Structure formats: structure tokens, C-alpha cells
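Observations on the model geometry
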Amino acid sequence: MSNHSEAKKPLSDRRKFILNMARGVGYAAIGGMVWSAYLDEAKASPLILRPPAAIKENDFLKTCIKCGLCVEACPYDTLKLAKPGDHMPIGTPFFTPRDIPCYMCEDIPCVPVCPSGALDEPSVTVDGHLDINVADMGLAVIDENSCIAFWGIQCDACYRACPILGQAITVEYSKNERTGKHAFLKPVVHADACTGCGMCEKACVTEKPAIFILPREVAMGKAGSHYIKGWDKKDEARLKDAHAIRTTTNISRKKAVDKLNAGFEGLLDE
Amino acid sequence: MSKIWNHYRYLILRRFTQIGILVLFFGANAWGWKILQGNLSTSEIFGIIPMSDPFAVMQMVATGVIVATDLLLGVAVVTLFYFLIGGRAFCSWVCPVNMVTDSANYLRRVFDIDRAQLQKQPISRNVRYWVLGLSLVISALMGIAAFEFISPISMLHRGIIFGIGFGWAAVLIIFVFDLLVLKNGWCGHICPLGGFYSILGKFSFIRVHHIEENCTLCMKCKVVCPEKQVLHMIGKESIPVLSGECTNCARCIEVCDDDALRFSIRDFIQNKKTGE
């Protein structure tokens with residue numbers, strides 16, 4: 001009987017508060033998990049091309065406040081803000097070169113207006129002046145299978161369209177063995193000069209462009225510190241990042257010569 | 001005519017500011033107007049005065065990024081305005097989602113959905129503070145501004161200014177949710193930005209003030225109020241609405257036929273009342 005009346009007693013305020021808090025935490029955990037899972041997918045967009053002077057993608061996603069001032073500053077409507085359904089991190093600026101490439105304005109109007117630092121003005125400033133030629137929006141990549149210049153048909157649309165003509169894209173000549181009397185005029189992209197503006201992609205004559213811009217992270221490999229151009233002083237600077245991995249086993253603890261002189265005792269036991 | 005004006009004057013003014021702000025933003029993107037550039041996340045007035053969404057910047061801070069000075073200045077401008085003057089006015093005078101949820105609310109009254117769902121509201125209005133806290137935690141864990149990535153508010157204002165994509169779907173969901181599922185569901189229960197401004201706007205000067213002597217207990221104010229818990233003093237005492245959850249939308253003032261509700265400056269009112 002007494003048990004029954006106790007069960008009817010209303011919960012104390014403190015208990016109610018604690019239970020409510022616990023319930024809140026429970027809901028928050030479930031909601032937070034779904035939310036985080038969505039964000040993890042939503043921010044993964046490795047093929048997105050950013051405006052000039054954009055900082056590294058991971059930091060860009062943290063820093064950009066999605067105000068669209070760069071988009072408004074762009075005189076060519078190159079830059080867009082990602083909409084729901086674009087499958088890109090929502091609200092962040094990007095461009096699609098095949099539609100509208102970056103025309104590489106000399107005064108780079110999109111960069112100084114950025115209030116958040118997601119577009120980093122110093123990275124496109126040389127000797128106190130803005131210089132779009134050092135921008136790094138991406139890298140042009142050529143699919144040699146679909147590029148008609150590699151078939152032997154004469155086309156230099158991308159070479160002509162390149163705003164850094166003769167540096168970012170050059171044309172290399174080689175003999176066309178198939179005909180025996182013609183030349184291949186093959187476009188070659190130079191990563192150190194290419195800004196990724198996408199004028200070549202826009203100009204490409206094939207149905208789907210044979211030359212296209214990819215973010216550098218995607219388009220480029222990395223030799224690492226095992227391989228160095230020994231003939232290039234600058235390249236040797238990369239060595240300062242190198243670090244050796246040493247493993248010590250029973251065998252390698254002594255010098256090899258000592259180990260051999262000591263006979264092979266114990267070696268076979270291991 | 002003057003009766004209509006009296007009954008809708010603040011509503012008309014609010015729609016004017018809400019739509020006006022969007023028009024200025026839209027003009028900046030479409031035709032290069034320089035009056036108000038950017039969007040509600042960050043903007044510039046005449047290219048000089050910066051304004052930034054303090055909640056968005058709080059999320060950025062949570063991700064661990066160093067926030068640029070321009071943004072901090074913008075945050076200071078916005079924060080000071082709402083903290084000192086406007087209260088939670090962002091929600092009813094600026095935010096475009098307000099038009100969506102207000103119309104859902106209006107249709108609830110027209111179709112008597114309120115009466116069909118008379119039972120106690122199933123979820124607490126404090127959920128927004130949980131969502132607010134959760135936004136910051138997830139921002140820190142995932143390294144991106146968590147709410148900014150799913151915010152229907154941003155989808156709507158960005159959508160109107162820059163092109164909406166599938167953002168209309170999010171807006172539609174909110175409309176249907178508010179209309180059929182939960183009264184004042186988004187703005188009054190869930191939206192963490194509303195929760196943020198509720199906390200920030202708690203101490204602002206502009207307050208709605210109740211004059212109990214004039215009140216005839218018609219309760220029209222409570223019918224239209226989107227946060228009716230803040231009107232707990234109606235017909236009881238002559239005090240200002242002090243809860244930060246009041247959006248200063250002033251619907252209660254204009255529906256009152258008895259002049260029992262007015263805008264006032266907080267301290268001035270208190271002194272007058274006590275005669276000090």
C-alpha cells in the first residue's frame with residue numbers, strides 16, 4: 001500500500017530537471033549523429049573549382065562565410081554560389097570553366113572584397129601589386145585520347161585561348177609516323193605557369209572538352225622526398241622535409257660487419 | 001482606411017523592411033547596386049559599414065579558424081544593434097523565413113488547425129537552445145559551420161539573391177511543418193538563430209509594454225503572438241515584455257483595440273510607472 005502511494009508522489013524538481021537534461025542529451029546525440037553524417041558527405045566535393053586566391057579547401061570551408069561578395073564582384077558572372085542540388089558545399093563560391101571560365105581580370109575584383117580571408121589577397125600579390133598570373137585555381141589536364149591534336153588533326157584552340165600564351169600551354173612538334181609526311185602539334189600544359197582559369201576548357205572544340213581544369217590536389221601527384229632532381233638546386237630544397245625511417249631489429253642492432261664476424265650464432269634462431 | 005492602417009501598420013512596415021532588404025541585396029547582385037551588398041550572412045552598407053551574422057561567426061570560431069577583422073567588425077555592428085536596441089527584431093523584421101512561417105500561421109487560423117490541435121504543444125520551445133548548442137559542438141567536431149550548411153534561412157535569402165536551386169524544398173518543408181505539424185514550429189521551437197537572438201536580445205531597450213488598466217481580456221494579442229508565453233502578464237500587471245523570445249513584431253500592439261499594448265523604452269517605462 002505504501003509502495004503505491006509513493007509511486008504517485010510527483011517527481012521532485014531536481015529529478016525532473018536531471019531527467020529532462022538526460023532526455024535532451026539523448027535527442028541531441030541522435031540528431032547530432034545524423035547532422036554530422038550529412039555534413040561529412042556534404043563537404044566532400046574534391047572536384048570543386050574555387051575563385052582565385054582561395055585558401056586550401058579544408059580551411060576554405062571553415063573560413064568562407066558564404067556572403068557572395070566575390071560573386072557580386074565578378075564582372076563575367078563566372079563565380080556562382082553553390083545552391084542546394086548543385087552537389088557542392090552549399091553557399092560557397094565556385095566556377096564551371098566550360099560554362100564561363102575565369103577571364104583573369106588584372107585587378108582581380110573578386111579577391112579584395114572577401115571579408116573573411118577565405119580568398120587570401122597576399123597570395124596573389126607580387127611586389128605590392130595584384131597579379132592574377134600567380135593565381136592557382138586549378139590545373140589544365142589533357143585527355144590525349146580525345147584531343148584531336150593528338151590524332152594528328154591540326155587544332156591549337158586551347159593554345160590560342162590561353163591567357164598566358166606560350167607559357168602555360170606550349171605546342172610540341174613531333175613526326176606523324178602514320179602519314180609519314182605530317183607533324184603532330186601537341187599541346188602541353190606546364191603546371192608552374194597554368195592558373196587554372198579554364199579558358200582552354202571553354203575553347204576546346206571537342207564535344208566534351210579534351211582539356212579540362214581539375215583542382216591541383218586532384219590533378220597532381222607528389223614525388224615525395226625519395227626522388228630529387230639532382231641537377232636542380234631548387235628541387236633539393238625539398239629534401240629538408242625528408243626524414244629517414246630506421247627500424248632496429250636484433251640483426252641490425254650491431255653493424256653488419258660485426259654481425260658477420262661474430263659468426264651466425266643466434267641468427268638462425270630468430 | 002485608417003482602421004486598416006492601424007491594424008496592420010507594423011505588419012506592413014515589417015514586410016517593407018523584409019522585402020526591401022532582399023530587393024537591395026538582389027539589386028546588388030543583378031545590377032551592381034552599391035547600397036547593400038552581400039547577403040544576410042555578411043554584407044556591406046555602401047561598401048563601408050560591415051555587418052555579419054554573429055551566430056555564423058560563432059560557428060566559425062568553433063571550427064577553430066582565426067576570424068578576419070572585417071567579420072569581427074561586422075559582428076560588433078550587428079550585435080550592438082540587437083543587444084542595445086532591436087532585441088530579437090531580426091526574426092520579425094529582417095529574416096525572410098518569417099514571411100513563410102507567418103503565412104503558415106495565418107492559414108492555421110483560417111483553417112482552424114489550431115483548434116484541431118488543441119493539445120499541449122508536443123515539444124518544448126527550449127529545443128532551439130539545444131540546437132544552438134549542438135550547432136557549435138558539431139562545428140567544432142566537423143570543422144565546418146554546421147548550421148550554415150543546413151540553414152533554411154540561408155538557403156532562402158541566398159536563393160532569392162543568387163538563385164535558389166532546390167532550396168525551395170527546404171522552405172516548403174518548413175511551411176508544411178508549421179502549417180500542419182507544429183504551431184510556430186520552426187521560428188518558435190527549432191531555429192537556433194532565433195534562439196541566439198532570444199539570448200542576445202534579452203536586454204534591449206525597445207520593449208512591448210502592457211497597460212493592464214486598458215486591457216479588456218479579449219486575448220487577440222495571444223492569438224496572433226508567435227511566442228505567446230512572453231505575454232504572460234496580459235490582464236495581470238502593467239509591465240514590459242521582458243523575455244528575449246519576444247520578436248518585437250508588434251502584431252499584439254496593432255491587433256489590440258484597447259490600447260493596452262505599446263512600444264516603449266524599457267527603463268523610461270519603469271520609472272514612469274513607479275513614479276521615480
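Everything quoted here is computed from the prediction, not taken from an experiment.

**Some details on the interface of chain B and chain A**
Across the contact, 39 residues belong to chain B and 33 residues belong to chain A. Both faces combined, the contact of chain B with chain A buries some 3,100 Å², and carbon together with sulfur accounts for 72% of it. On the chain B side of the interface with chain A, the three residues burying the most area are Trp130(B), Met142(B) and Phe149(B), jointly 23% of the side's total. Inspection of the region where chain B meets chain A yields 0 salt bridges.

**Section: the domain arrangement of chain B**
Residues and elements named next belong to chain B. We note that the domain assignment places domain 1 (2-199) and domain 2 (205-274) within chain B. The C-alpha-based centres of domain 1 and domain 2 are spaced at 24 Å. Between domain 1 and domain 2, the contact holds 27 residues from the first and 22 residues from the second. Interface area, domain 1 with domain 2, both sides summed: about 1,800 Å², of which 42% is carbon and sulfur. Interface area lost by domain 1 to domain 2 is led by His 7, Tyr 10 and Arg 88, which between them contribute 28%. On inspection of domain 1 and its partner domain 2, the count reaches 4 salt bridges. Glu 245 is the salt-bridge partner of Arg 128, the closest N and O atoms lying 3.3 Å from each other. If you look at where domain 1 meets domain 2, you find 18 residue pairs in polar contact (both at pLDDT 80 or more). Top contributing element to the side of domain 1 that touches domain 2 by residue count: helix α1 (residues 2-31), with 7 residues. Each residue belonging to the side of domain 1 that touches domain 2 can be placed in one class, and the counts come to 11 nonpolar, 9 polar and 7 charged.

**Topic: the pattern of salt bridges**
All names here are of chain B. Applying the stated criterion across every chain yields a total of 13 salt bridges over all chains. A salt bridge links Asp 102 to Arg 15; the shortest N-O distance between them is 2.8 Å. Residue Asp 102 is located in helix α5 (residues 97-110), and its partner Arg 15 is located in helix α1; the two are separated by 87 residues in the primary sequence. Linked by salt bridges that have partners in common, Arg 88, Arg 125, Arg 128, Glu 227 and Glu 245 make up one network.

Cut-offs applied
- Residues numbered from 1 in each chain as written.
- Chains lettered and ligands numbered in written order.
- Predicted model: local features only at pLDDT ≥ 70, side-chain atom pairs only at ≥ 80, totals over all residues.
- Heavy atoms only, no water.
- Contact = heavy atoms within 4.5 Å.
- Buried area = accessible area lost by both parts, 1.4 Å probe.
- Salt bridge = Lys/Arg side-chain N within 4 Å of Asp/Glu carboxyl O.
- Domains from an automatic or database assignment.
- Polar contact = N/O pair within 3.5 Å; in protein donor to acceptor, adjacent residues only side chain to side chain.
- Helix = DSSP H or I, 4+ residues; strand = E, 2+ residues; numbered from the N terminus.
- Nonpolar A, V, L, I, M, F, W, Y, C, P; charged D, E, K, R; others polar.

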